[in-house]
Amino acid sequence: MLPLLSSATDSFAFSGGGDLLTLAAQATPSTDAPDTGGLADFLRGFFGPLFLVIVSIVAVFFLFTREITRFAQFIILAIFIGIVFYVPGIIEVIAVALARAMGVSAE
């Protein structure tokens, strides 16, 4: 039978789990962790041209099948996705603007 929530903490402490909590609190970050500073730039450089190729292929397909309305919808959607993808700080700017528009202090 599963213990109740209040007795689960007691059994955790009784089994020596309190030592694990103090070890976790004293742990320092590892110095041999990978450097992820340029990861966003690498991913943007890798997936950016791929995104443009896919958008171009789909846009040409819509033009050849003469679906002008779907072409226009797709291009508008692709422009919005491209702006979010290529402008790094746009998500934060949009979030702050929406928060201020709703009357929330965004500091």
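Computed from a prediction, not measured in an experiment: that's the story for all the values here. (Residues numbered from 1 in each chain as written. Predicted model: local features only at pLDDT ≥ 70, side-chain atom pairs only at ≥ 80, totals over all residues. Heavy atoms only, no water.)

A.B. asks: Please explain the overall build of the protein chain as it appears in this structure.
C.D. replies: When its secondary structure is counted, the protein chain shows five helices and zero strands. In sequence order, the secondary structure elements of the protein chain are arranged as α-α-α-α-α. The proportion of buried residues among the 107 residues of the protein chain is 9%. Intrachain contacts of the protein chain at a sequence separation of at least 6 include 42% that bridge at least 24 residues. Split by element, the accessible area of the protein chain, about 9,200 Å² in all, is 73% carbon and sulfur. (Helix = DSSP H or I, 4+ residues; strand = E, 2+ residues; numbered from the N terminus. Buried < 20%, exposed > 50% of the residue type's maximum accessible area, 1.4 Å probe, protein only. Contact = heavy atoms within 4.5 Å. Areas by Shrake-Rupley, 256 points an atom, 1.4 Å probe, with all protein chains shown as cover.)

A.B. asks: Sorry, what's going on with helix H3 (residues 39-64) here?
C.D. replies: Residues separated by three or four positions in an α-helix point in the same direction, a consequence of the helix having 3.6 residues per turn. Under the 1.5 Å per step criterion, the end-to-end length of H3 is 38 Å for 26 residues, consistent within 8% with the ideal 38 Å. At Phe 47, H3 shows its strongest bend, of approximately 30°, with the proline Pro 49 following within four residues. Looking only at H3, the buried set comprises Gly 48, Val 55, Ala 59 and Phe 62. Residues of H3 that are buried in the fold lie against helix H4 (68-86). Arg 66 occupies a position one or two residues after H3 and carries a positive phi of about 60°. (Expected span 1.5 Å × (residues − 1). Bend = angle between axes of the 7 residues up to and from the residue.)

A.B. asks: Please explain unusual backbone geometry as it appears in this structure.
C.D. replies: Backbone phi values are negative for most residues with the exception of glycine, while trans is the configuration of most peptide bonds. One non-glycine residue, Arg 66, adopts positive backbone phi at about 60°. When you line up the elements, Arg 66 lands in the loop between H3 and H4. Judged by relative accessible area, which is 74%, Arg 66 ranks as exposed.

A.B. asks: I keep staring at the nonpolar core and nothing clicks. Help me out?
C.D. replies: Generally speaking, soluble globular proteins have nonpolar side chains that are buried together. One finds Val 55, Ala 59, Phe 62, Phe 74 and Ala 78 forming the largest nonpolar core, which totals five residues. Listed by contribution, the elements that provide at least two residues to this core are H3 and H4. Considering each element in turn, this core owes the most residues, three residues, to H3. The contacts of Phe 74, once residues within four sequence positions are left out, are Val 55, Val 58, Ala 59 and Phe 62. (Core = buried A, V, L, I, M, F, W, Y, C linked by side-chain atoms within 4.5 Å.)

A.B. asks: Explain the environment of Phe 74 to me, please; I cannot follow it from the model alone.
C.D. replies: Along the chain, the position of Phe 74 falls in helix H4. Between the alpha carbons of Phe 74 and Val 58 there is a distance of 8.4 Å; along the sequence they are 16 residues apart.

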